Amino acid sequence: MERFGHENKLFTIAGKLVDCFYVSVLWLLFSLPVVTFGASCAALYYTVHKTIRGGRGYIWQSFWGAFRSNLKQTVKLWLLMLLTFAFLFADLRITYIAVTKGMPFRGLCFVFLFLLLFWVVWSIVLFAYAARFENGVKDTLKNAAVISLAHLPWAVLILAAVLIAALFVFLVPPMVLLLPAGVAYLCEMILERIFCKYMSKEDLERESLLMERSL
């Protein structure tokens, strides 16, 4: 019996890896138009939460459903985030050039670098939040920023995971077919604990009921 139990665990792990590969490929393909990158990230998070972690539904149905339902809002969010990134990156570039020419802007350079790193975490929380909750563009941007700032230790862990994954993909490009879902998996484990603090009692009971039905 112990042997069969061990084999079942191996099959479960193998199944999770296949699911991660599948949803990572979907994320990559649906991100290629660039403008749909935010929608693809929201769909990735939702699929990891509902199907890979929650055991409900199927990969394609979950991904496509989340992508389609969030497309309009997440395109707006992504364009706004791109503008924010362009502004911060341009400021960082300008101050860095000024520092290389001997101007006393080193402190300001670090400020813009910190803001760019925060932008990464904010973006991750933003599209995870958009995948899980229905709010307007303004409220989604604000709530994601507040959550990121209010839980900085977890934000640092999320940032570290993303940067390490990016390094792995840079060194071993084929890892892009697996790591997106792996990072989303880790982020889901962290963010769902945080999101629960902001959910109503009714929403929590509904989530618990859905989880029980999937077992």
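Here's a quick rundown of the structure. (Residues numbered from 1 in each chain as written. Predicted model: local features only at pLDDT ≥ 70, side-chain atom pairs only at ≥ 80, totals over all residues. Heavy atoms only, no water.)

Two quantities define a packed helix pair, namely the angle between the axes and the distance from one axis to the other. Two numbers describe how helix α3 (residues 59–100) lies on helix α5 (residues 137–150): the axes approach to 10 Å, and their chain directions differ by 55°. Regarding the angle of α3 to α5, the classification is oblique. You can see that α3 and α5 cross each other, and the crossing is right-handed. Of the residues in α5, those in contact with Q73, K76, L77, L80 and M81 of α3 are V137, T140 and L141. Class assignment for the residues of the contact of α3 with α5 results in five nonpolar, two polar and one charged. (Axes fitted to C-alpha atoms, helices over the stretch in contact; angles between N-to-C directions. Helix = DSSP H or I, 4+ residues; strand = E, 2+ residues; numbered from the N terminus. Parallel < 35°, antiparallel > 145°, perpendicular 65-115°, else oblique. Left-handed = near helix turned anticlockwise from the far one by under 90°. Contact = heavy atoms within 4.5 Å. Nonpolar A, V, L, I, M, F, W, Y, C, P; charged D, E, K, R; others polar.)

If the charged atoms of two oppositely charged side chains come close together, the side chains can form a pair. Applying the stated criterion across every chain, the model contains three salt bridges. Of the charged contacts, one joins E192 and R132 as a salt bridge, the two residues approaching to 3.0 Å between their closest N and O atoms. With E192 in helix α7 (residues 179–196) and R132 in helix α4 (residues 106–132), this pair connects stretches of sequence that are 60 residues apart. Grouping residues by exposure puts E192 and R132 together as buried. (Salt bridge = Lys/Arg side-chain N within 4 Å of Asp/Glu carboxyl O. Buried < 20%, exposed > 50% of the residue type's maximum accessible area, 1.4 Å probe, protein only.)

With that settled, the discussion passes to helix α2 (residues 37–53). The end-to-end C-alpha separation of α2 is 22 Å, in line with the 24 Å expected for 17 residues at 1.5 Å each. The largest bend in α2 amounts to roughly 30° and is located at T47. Burial analysis of α2 places 13 of its 17 residues in the buried class, the great majority of the element. Phi turns positive one or two residues past the end of α2, at G55, with a value near 70°. (Expected span 1.5 Å × (residues − 1). Bend = angle between axes of the 7 residues up to and from the residue.)

Glancing now at helix α6 (residues 152–171). Under the 1.5 Å per step criterion, the end-to-end length of α6 is 28 Å for 20 residues, consistent within 8% with the ideal 28 Å. Those residues of α6 that sit buried are A155, I158, L159, A161 and A165. For α6, the arc enclosing every buried residue in end-on projection is 160°, short of the 170-degree limit, so these residues lie on one face. Residues of α6 that are exposed and point more than 90 degrees away from the buried face comprise P153, V156, F170 and L171. Looking at the buried positions of α6, the neighbouring elements they touch are α4, α5 and α7. (Arc of directions from axis to C-beta.)

Another aspect to go through is unusual backbone geometry. Within the chain, V34 stands out as a residue other than glycine whose phi angle is a positive 70°. On the basis of relative accessibility, which here comes to 48%, the residue V34 falls in the partly exposed class.

Another aspect to go through is the side chain of S31. Structurally, S31 can be placed in helix α1 (residues 2–31). Overall, the relative accessible area of 11% leaves S31 in the buried class. Polar side-chain contacts of S31 include one of 3.1 Å to the side chain of S40. Leave out the neighbours within four places in its chain, and S31 touches T36, F37 and S40. (Polar contact = N/O pair within 3.5 Å; in protein donor to acceptor, adjacent residues only side chain to side chain.)

In this section: a nonpolar patch on the surface. A cluster of nonpolar residues, M103, F105, L108, V111, F114 and L115, forms a patch on the protein surface that exposes about 520 Å² of accessible area. Take L115: its relative accessible area is 31%, and that puts it in the partly exposed class. (Patch = residues over 30% accessible without salt bridge, like charges linked within 9 Å, V, L, I, M, F, W, Y side chains within 5 Å. Areas by Shrake-Rupley, 256 points an atom, 1.4 Å probe, with all protein chains shown as cover.)

Enumeration over the complete set of coordinates arrives at 17 aromatic pairs. Taken together, a centroid distance of 5.9 Å and an interplanar angle of 65° make the contact between W27 and F37 edge-to-face. Here F37 lies in helix α2 and W27 lies in helix α1, a separation of 10 residues in the sequence. Look at W27 and you get buried, because its relative accessible area is 15%. With a centroid separation of 4.9 Å and 45° between ring planes, the pair formed by Y129 and F133 is classed as tilted. For the pair Y129 and F133, one class covers both residues: buried. The ring of Y185 has R53 sitting right over it, with the charged end atom 5.5 Å from the ring centre. Lying over the aromatic face of F133, R132 brings its terminal NZ or CZ to 5.7 Å of the ring centre. (Phe/Tyr/Trp six-rings, centres within 6.5 Å; stacked < 30°, edge-to-face > 60°. Lys NZ or Arg CZ within 6 Å of the ring centre and 35° of its normal.)

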